[in-house]
Amino acid sequence: MASSKKDRPEQDYQAPKPGPLASVAGFGTTFGTMFKKPNTEQYPEEKVPTQLRFHGRHQLNRHPDGLEKCIGCELCAWACPADAIYVEGADNTEEERFSPGERYGRVYQINYLRCILCGLCIEACPTRALTMTNEYELADTSRSSLIYTKDRLLGPLTEGMVPPPHRMYEDESGHEVTEKEYYRGEVPRANADLLGEMLAAARAADEQNAAEQNAGEQSAGEPEVSF
Ligand code: SF4
Ligand code: SF4
């Protein structure tokens, strides 16, 4: 049975009375801040370094011989709460190898219009292919330029690295490094002979591509002959 207003005990609530300093207490934060040293940063003229673990732009890492660490598994894309990553994997072949193992990331994109830099993707990556740098200058003037493609995300080639595709590394005794050794980071330092051989092969492939491109452009530019 519903109780009427009359049955309920009267609530004798009284708001606390404000103290004598209540009217000035609200200014405490204002006065406290007035006497602190101002922290004005002259950005962009002066860039203050970030904390070491700051989450900035992503980077796709390479093994010490230049092969890519990404295996195109898409776990980063599945982990992303903002649906900012797009990955398409493809098979490596012995003639065209981009990473150790079966697969590599053929297409890799991060949409920085969506990314909230939370870092869940780098936690999900099983090969430490994906990490985050300290770079935070990600503003731009067009939407398309904020979709970073694989060529912009791949880390630079440092000493001893050869741009893929190339075969998996061999150590000085001729032992081919296994996939597991790659994933454990047990890739030996670059052997000068092998490095030279890989570089020569990479240059030859580049020259062949350039020659094919030139030939294509020339044939496209030739006027059509009509009879
Ligand atoms: S940092 Fe977060 S939001 Fe950005 S791509 Fe990775 S998981 Fe997605
Ligand atoms: S970056 Fe890592 S998680 Fe993402 S596809 Fe490549 S290997 Fe998989």
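What comes next concerns the included structure. Predicted model, so just to flag it, every value in this text is computed and none were measured.

1. Re the site of ligand 2
Around ligand 2, a shell composed of Cys70, Ile71, Gly72, Cys73, Glu74, Leu75, Cys76, Tyr108, Cys125, Pro126, Thr127 and Leu130 is seen. Counted by class, the shell around ligand 2 contains nine nonpolar, two polar and one charged residues.

2. Points about the site of ligand 1
Around ligand 1, 13 residues are found, and the nearest of them are Cys80, Cys115, Cys118, Gly119 and Cys121. Classifying every residue of the shell around ligand 1 by side-chain character gives eleven nonpolar, two polar and no charged.

3. Points about the pattern of salt bridges
As enumerated under the stated definition, the model contains seven salt bridges in all. Arg103 is the salt-bridge partner of Asp91, the closest N and O atoms lying 3.0 Å from each other. Note that Asp91 is positioned in strand E2 (residues 85-91) and Arg103 in strand E3 (residues 103-111), a separation of twelve residues in sequence. Glu186 is paired through a salt bridge with Arg184; the nearest N and O atoms lie 3.3 Å apart. For Arg184, a relative accessible area of 55% gives the class exposed.

4. Digging into the layout of surface pockets
Its volume calculated, the largest pocket comes out at about 430 Å³. Residue composition of the lining of the largest pocket, by class: nine nonpolar, two polar and seven charged. Computed from the structure, the second largest pocket encloses a volume of approximately 200 Å³. Lining the second largest pocket are Leu52, Arg53, Phe54, His55, Ile122, Glu123, Arg128, Thr131 and Met132. Secondary-structure elements contributing two or more residues to the lining of the second largest pocket are helix H4 (120-124) and strand E4 (130-132). Class assignment for the residues of the lining of the second largest pocket results in four nonpolar, two polar and three charged.

5. A look at the environment of Glu176
Locating Glu176 in the fold gives a position in the loop between helix H5 (150-153) and helix H6 (179-183). Overall, Glu176 belongs to the partly exposed group, its relative accessible area being 40%. Distance in space between the C-alpha atoms of Glu176 and Val187 is 9.8 Å, their sequence separation being eleven residues. Residues contacting Glu176, with those up to four places away along its chain left out, are Met168, Tyr169, Glu170 and Glu181.

6. Here's the deal with the pairing of E3
Where E2 and E3 come together, seven bridges link them in antiparallel fashion. Along E3, the bridge assignment pairs Asp91 with Arg103. Pairing of E3 with strand E5 (residues 147-149), which is carried by three bridges, proceeds in the antiparallel orientation. Looking across to E5, one finds that Gln109 is bridged to Thr149.

7. Some thoughts on the environment of Cys76
Among the secondary structure elements, Cys76 is positioned in helix H3 (residues 75-79). If sequence neighbours within four positions are ignored, Cys76 has contacts with Ile85, Val87, Tyr108, Cys121, Ala124 and Leu130.

Criteria and thresholds
- Residues numbered from 1 in each chain as written.
- Chains lettered and ligands numbered in written order.
- Predicted model: local features only at pLDDT ≥ 70, side-chain atom pairs only at ≥ 80, totals over all residues.
- Heavy atoms only, no water.
- Near = heavy atom within 4 Å.
- Nonpolar A, V, L, I, M, F, W, Y, C, P; charged D, E, K, R; others polar.
- Salt bridge = Lys/Arg side-chain N within 4 Å of Asp/Glu carboxyl O.
- Helix = DSSP H or I, 4+ residues; strand = E, 2+ residues; numbered from the N terminus.
- Buried < 20%, exposed > 50% of the residue type's maximum accessible area, 1.4 Å probe, protein only.
- 1 Å grid on protein atoms, 1.4 Å probe; cavity = no way out; pocket = protein on both sides within 12 Å on 5 of 7 lines; lining within 4 Å.
- Points joined across faces, edges and corners; volume = space filled by probe spheres on them.
- Contact = heavy atoms within 4.5 Å.
- Pairing = 2+ DSSP bridges.

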